[in-house]
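Spelled out, the chains give:
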Amino acid sequence: DAMAAVKMNVLHLHLTDDQGFRVESKKFPKLHELGNDGNYFSQENIKSIIQYANERGIRVVPEFDIPGHITSWLVGYPKLASVDRKYSLANSYGIFKASLNPIEEYTYNFLDTLFTEMSQLFPDAYFHIGGDESNGLDWNQNKKIEKFRTKQQLTNNQELQAFFNKRVLSILSRNEKIMIGWDEIYNSNISNSIVIQSWRGKQSMINAAKSDFQVVLSN
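All of these numbers come straight from a predicted model, not from anything done at the bench.

So, how was this worked out
- Residues numbered from 1 in each chain as written.
- Predicted model: local features only at pLDDT ≥ 70, side-chain atom pairs only at ≥ 80, totals over all residues.
- Heavy atoms only, no water.
- Axes fitted to C-alpha atoms, helices over the stretch in contact; angles between N-to-C directions.
- Helix = DSSP H or I, 4+ residues; strand = E, 2+ residues; numbered from the N terminus.
- Parallel < 35°, antiparallel > 145°, perpendicular 65-115°, else oblique.
- Contact = heavy atoms within 4.5 Å.
- Nonpolar A, V, L, I, M, F, W, Y, C, P; charged D, E, K, R; others polar.
- Salt bridge = Lys/Arg side-chain N within 4 Å of Asp/Glu carboxyl O.
- Buried < 20%, exposed > 50% of the residue type's maximum accessible area, 1.4 Å probe, protein only.
- Pairing = 2+ DSSP bridges.
- Right-handed = clockwise from strand over helix to strand, strands pointing away.
- Phe/Tyr/Trp six-rings, centres within 6.5 Å; stacked < 30°, edge-to-face > 60°.
- Lys NZ or Arg CZ within 6 Å of the ring centre and 35° of its normal.

Visitor: Could you clarify how one ought to interpret the packing of helix H7 (residues 143–151) against helix H8 (residues 157–174) in this entry?
Guide: Relative placement of two packed helices is described by the angle separating their axes and the distance separating the axes. Between H7 and H8, the shortest axis-to-axis distance is 11 Å and the interhelical angle comes to 85°. One finds that H7 runs roughly perpendicular with respect to H8. In this structure, H7 contributes Ile145, Phe148 and Arg149 to the contact, and H8 contributes Asn157, Leu160 and Phe163. Here the contact of H7 with H8 is composed, by residue class, of 4 nonpolar, 1 polar and 1 charged.

Visitor: What am I meant to see in the pattern of salt bridges here?
Guide: Oppositely charged side chains can pair when the atoms bearing their charge come close. Under the defined criterion, the tally for this structure stands at 11 salt bridges. The residue Asp124 makes a salt bridge to Arg59 at a minimum N-O spacing of 2.7 Å. Of this pair, Asp124 sits in the loop between helix H5 (105–121) and strand S5 (126–128) while Arg59 sits in strand S4 (residues 59–63), and the two are 65 residues apart along the sequence. Here Arg149 ties to Glu146 by a salt bridge, and the two come within 3.7 Å at their closest N and O atoms. Of this pair, Arg149 and Glu146 both sit in helix H7, separated by 3 residues, roughly a single helical turn. Through salt bridges with shared partners, one network takes in Asp1, Glu55 and Arg56.

Visitor: Just to check I follow, could you spell out the pairing of S4 for this structure?
Guide: Moving residue by residue along a regular strand, the side chains alternate between the two faces of the sheet. By the criterion of burial, S4 is predominantly enclosed, with 4 of the 5 residues buried. Inspection of the sheet shows strand S1 (residues 10–14) paired to S4 by 5 bridges, in the parallel sense. Bridged to Leu11 within S4 is Val60.

Visitor: Where do I start with the pairing of strand S8 (residues 214–217) in this structure?
Guide: Pairing of strand S7 (residues 195–198) with S8, which is carried by 4 bridges, proceeds in the parallel orientation. Bridged to Ser198 within S8 is Leu217. Viewed along the sheet, the connection from S7 through helix H9 (residues 202–210) into S8 turns out right-handed.

Visitor: Help me out: how do you make sense of the packing of aromatic side chains in this one?
Guide: What describes a pair of aromatic rings is the distance from one ring centre to the other and the angle between the planes of the rings. Summed over the entire model, instances satisfying the criterion amount to 13 aromatic pairs. For the pair Trp73 and Phe110, a centre-to-centre distance of 6.5 Å together with 40° between the ring planes defines the contact as tilted. Placement of Trp73 in helix H4 (residues 71–76) and of Phe110 in helix H5 is noted, with a sequence separation of 37 residues between them. The same class applies to Trp73 and to Phe110, which are both buried. Aromatic pair Tyr186 and Phe213: ring centres 5.3 Å apart, planes at 85°, arrangement edge-to-face. With Tyr186 in the loop between strand S6 (178–182) and S7 and Phe213 in the loop between H9 and S8, this pair connects stretches of sequence that are 27 residues apart. When its relative accessible area of 27% is taken as the criterion, Tyr186 is described as partly exposed. Of the aromatic side chains, those joined through ring pairs into one cluster are Phe21, Phe28, Phe64, Trp73, Tyr77, Tyr106, Phe110, Phe115 and Phe127. It is Lys30 that lies over the ring of Tyr77; its NZ or CZ is 5.1 Å from the centre. Its end group placed over the ring of Tyr108, Arg167 keeps NZ or CZ at 4.0 Å from the ring centre.

The structure is reproduced here in structure tokens:
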């Protein structure tokens, strides 16, 4: 109601982070059953939010932050992780090492199923993949990932993240979604059909715009 009063028309829902996975998944129920402290949106909650927002001219854009900020995912589905360890919900703020494994088909099959489900739940054209603060520390610990990076001639973790993002883009494109992410996902080797949302400042927005990417400044 407050957004409508001041003519703001996009509600960006940051639904997942190290501290919690905050939306019900019928395909992977352990995400919301184990991946938070008991507080999450049911799919019926989401539908009612979208309807209420729509009546006020407001779009709802979901964000599922990957490949970092995913500790909450790994509590129920540790096979997604880059490093085999015991995972529990983060209870403090910060940048954590936990990261999706970018070289396993299991990861992409999981994301395909989950994002297809969520694309059907959220009707907006845009789907936010986060992409911020992926420090690559767990990628560096995994010898298979290091070997893969060398074989693919990827010189650093930024290029490996771009490889990952291309796979995610293909999933979202099949679901007729426009991919949007934080400015860390900007890479000259990825399609400029994606949208770059800059939280780190104007310069990263300008850099992406100069490469013909659509951009949003949220600094």
